[in-house]
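Spelled out from the first residue to the last, the chains are:
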Protein chains: 2
Amino acid sequence: MDLDRSPLARSFPNLPAITGATPRVARARYKTWDRCDLTLVEFAKGTAVAGLFTKSACASPEVEAGRVQIGGGSARALVVNAGNANAFTGAAGREAVEQIQAQVADELDCSPEQVFVSSTGVIGVPLPKDKARAGIAAALLAEPCDWLEVARAIGTTDTFEKGATTTATIGDTEVTLIGVIKGSGMIAPDMATMLGYIVTDAAIEPALLQTMLSQANGASFGAITVDSDTSTSDTVLAFATGAAGNVPLADDDSPEAEAFAAALEDLCGQLARLVVRDGEGASKFITVKVTGADSDDSAHRIGLSIANSPLVKTAIAGEDANWGRVVMAVGKAGEPADRDRLSIAFGGIEVAREGRAVETYDEAPVAAHLKGQEIDIDVDIDLGDGQATVYTCDLTHGYISINADYRS
Amino acid sequence: MDLDRSPLARSFPNLPAITGATPRVARARYKTWDRCDLTLVEFAKGTAVAGLFTKSACASPEVEAGRVQIGGGSARALVVNAGNANAFTGAAGREAVEQIQAQVADELDCSPEQVFVSSTGVIGVPLPKDKARAGIAAALLAEPCDWLEVARAIGTTDTFEKGATTTATIGDTEVTLIGVIKGSGMIAPDMATMLGYIVTDAAIEPALLQTMLSQANGASFGAITVDSDTSTSDTVLAFATGAAGNVPLADDDSPEAEAFAAALEDLCGQLARLVVRDGEGASKFITVKVTGADSDDSAHRIGLSIANSPLVKTAIAGEDANWGRVVMAVGKAGEPADRDRLSIAFGGIEVAREGRAVETYDEAPVAAHLKGQEIDIDVDIDLGDGQATVYTCDLTHGYISINADYRS
């Protein structure tokens, strides 16, 4: 199925090369398509790695391997296969991952544990080992490419390439961070992206990188949802080559570490929101901000209850300021809330206050706001100081078309 | 919006009159429609009542009142308003409920606590007290009607009238149970029906009736989901007039109580499944049976994770045996599961076993099964003895049309 480019798409930014990271792409032809679908990124010796993985109890063998590998903290290569998720494939799937690791480790003279593998696409078909072997051989011979080509090669049902970049100053050294990400369906808060990769030339201890990545998760990948469904393959990996030459970051209390952590959070947030912008069938980007909750966690859960509600999402698709459905979603969240203290605003205009409709609110600007592509829903619980922001998209006929027609 | 009758509709059964219960309907004109939208059922003195209510933290004043009233165990009247949910309406909403209770209590010479009120429809608009008063006055003057008229009068976006009946033998007395129910969207497992009413001529102590109704809930109203959304108004009430003249049931250990409990469970199950058959946009009725889970509760949660997954529901809409999405939904349930022990069948034919596809399965009968209206998904976790069955419908363009167009 050819999918139209999402109306919420953003153009791909200029992503700089990162010294110590060399991306290449190739055609493994996992599906009958004429595009690169295998990515191989080679990292310099000494590259630190950190990762986030799906919490699914039915994770792919790539994720199972990655959960173990990440403890080593060291990476020499990343391989991403697009078109076949290799999930739910039993022993054959595990063998395919091991073969890829062995082939790349042999070529780069490193340990198989330093070769990280991700696969995305159809579930239930073992990754064909012959195609993987030939694809990797082709990638090793290919010219290095830029990050746009990587973003394209890791995509499946994505309708646009997604990337972001930022910088941080560590001492007197400027370091650069880039990220690419793919994902458009089966996106839920338990580890929201399908596959995301962050590369920086900063020097940082792997344990600290892991701490920072985990901290950045909550307000970025953990704060987005397209359809409440959680992939068996979700993975975010961060690689730090150290080529920038800064004094290696090791202490999370230092101002240098704080500067880098802020840059990483910014980058993760950008990437996560791009995934929502490619949400299947999305026509509107929805920001749900919850304030006044019992705690930040409570605000987060209320936000996700709203963002995952099919009735809220269809109301927004219909450009209807149906705050009653927002009340419903607050009520079902299972979190402390008092109906008679609740306030709800669309586009900054309060439509309900203290448990009832604001009869005098000006409908024209609300209607105009809902006709736009960027929708803001603000909910004040008026019980405490907890707050959180989550991001989602509307639920449209496009989502049904994509998912009732996309063949397994 | 005129909605087509659900393709999964069932014809309304012949529901007998219940001695001690006198239903009447009237036109309160809560919306600009030409139909009865107010129901008043008068119960004989001594009628016992039990109830189940939404767990929503933002419940309607009707639900808030009902939660308190049910402790009294005694009912003389039920009033149901259709077209206005009276939810999220602050003090004005509470006053409307109190006025209805006072008016009916005055007329029937009973306590306001014996008058149960439900309202369903638009959220956020206080129930107009003048229309309610006139509607009740009209109902009091109306001829008694049959249960079909009640089923019609309590409906909103329902596309067919839903009712069920059964009998039980208590000693040498046959008692009759009837039920009517409405609901098609905002249906979720926390108390799944919008509004359901059960009436029996059995004599039974209210505390025992409550115990039996709560026990029947898990496998009936608690086992259905249309869209994972939970109404602010969900209510099920059971009324027992005692007119059958059986020795009143009081001991839940007796064979008589067991016979009645079995009949009540059967009735609740029938009513609950009818709600799924009127699920918004539904074209297929899906039965998800989970076996081999760690516990019955675990099986129930896994079943709901599958039944609530938009990706599973759209796959069924597309008549696609996409068991990979079922794996995904098992994985995200947060319950004990081992990918490599999982088996999945559609229409009784195993398509995945022990963590991988059954390559030799016969696709033709699976495809034929998926083209039908009654879809069976069986999942065996192979870890323990826990089992549960839940019911849902597919997710179609019809759901989007109904919910993106239905004006708040």
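Residues numbered from 1 in each chain as written. Chains lettered and ligands numbered in written order. Predicted model: local features only at pLDDT ≥ 70, side-chain atom pairs only at ≥ 80, totals over all residues. Heavy atoms only, no water.

Chemist: What am I meant to see in the relation of the copies chain B and chain A here?
Modeler: Copy one and copy two of the chain differ by a rotation about an axis and a translation along that axis. Least-squares fitting of chain B to chain A yields an RMSD of 0.0 Å, with the superposition described by an axial translation of 0.0 Å and a rotation of 180°. Those values place the two copies in the arrangement expected of a two-fold rotation axis. Proximity to the rotation axis, assessed at the C-alpha, singles out His397 of chain B in chain B; its C-alpha lies 2.9 Å from the axis. A symmetric contact is evident, with 100% of the interface residues of chain B recurring at the interface of chain A. (Least-squares fit on C-alpha atoms with pLDDT ≥ 70 in both. Contact = heavy atoms within 4.5 Å.)

Chemist: I would appreciate a short explanation of the domain arrangement of chain A in the present structure.
Modeler: The figure often quoted for interface size is the accessible area lost as the parts come together. Residues and elements named next belong to chain A. Here chain A is partitioned into domain 1 (21-277) and domain 2 (285-405). Between domain 1 and domain 2, a total of about 1,100 Å² is buried, with carbon and sulfur atoms accounting for 59% of that surface. Across the pair Glu374 and Arg277 runs a salt bridge, and its minimum N-O distance is 2.9 Å. For the pair domain 1 and domain 2, the interface holds six residue pairs in polar contact (both at pLDDT 80 or more). Residue composition of the side of domain 1 that touches domain 2, by class: six nonpolar, four polar and three charged. (Domains from an automatic or database assignment. Buried area = accessible area lost by both parts, 1.4 Å probe. Salt bridge = Lys/Arg side-chain N within 4 Å of Asp/Glu carboxyl O. Polar contact = N/O pair within 3.5 Å; in protein donor to acceptor, adjacent residues only side chain to side chain. Nonpolar A, V, L, I, M, F, W, Y, C, P; charged D, E, K, R; others polar.)

Chemist: What am I meant to see in unusual backbone geometry here?
Modeler: If a residue is not glycine, its phi is most likely negative; likewise, a peptide bond is most likely trans. A positive phi angle, close to 60°, is found at Asp382 of chain A, a residue other than glycine. Structurally, the position occupied by Asp382 of chain A is in the loop between β14 (374-380) and β15 (386-393). Residue classification places Asp382 of chain A among the partly exposed positions, given a relative accessible area of 35%. You will see that Asn86 of chain B, though not glycine, has its phi angle at about 55°, which is positive. (Helix = DSSP H or I, 4+ residues; strand = E, 2+ residues; numbered from the N terminus. Buried < 20%, exposed > 50% of the residue type's maximum accessible area, 1.4 Å probe, protein only.)

Chemist: What is the right way to look at the sheet that holds strand β8 (residues 195-200) of chain B in this model?
Modeler: Remark on secondary structure: sheet strands pair via backbone hydrogen bonds, oriented parallel or antiparallel. Residues and elements named next belong to chain B. As summarised here, the arrangement of the five strands in space is β3-β9-β8-β7-β6, forming an open sheet in which the pairing is mixed. Among the strands making up the open sheet, the edge pair consists of β3 (48-53) and β6 (162-170). Taken pair by pair, the neighbouring strands of this sheet meet at an average axis angle of 15°, ignoring direction. Here strand β7 (residues 173-182) pairs with β8 via six bridges, running antiparallel. Bridge pairing in β8 links Lys182 to Leu195. In the packing of helix α6 (residues 255-277) onto the sheet, contacts are made with β6, β7 and β8, and the angle to β6 comes to roughly 170°. (Pairing = 2+ DSSP bridges. Axes fitted to C-alpha atoms, helices over the stretch in contact; angles between N-to-C directions.)

Chemist: What am I meant to see in the interface of chain B and chain A here?
Modeler: Facing the 61 residues of chain B at the interface are 62 residues of chain A. Carbon and sulfur atoms supply 58% of the area that chain B and chain A bury against each other, a total of about 4,900 Å² over both sides. Interface area lost by chain B to chain A is led by Phe88, Arg339 and Ile400 of chain B, which between them contribute 17%. Between Glu64 of chain A and Arg339 of chain B there is a salt bridge; the shortest N-O distance is 3.3 Å. At the boundary of chain B and chain A, one finds 15 residue pairs in polar contact (both at pLDDT 80 or more). Put simply, the parts of the chain that give the side of chain B that touches chain A at least two residues each are α1 (61-69), α2 (90-108), α8 (310-317), α9 (323-332), β13 (356-357) and α11 (397-405) of chain B.

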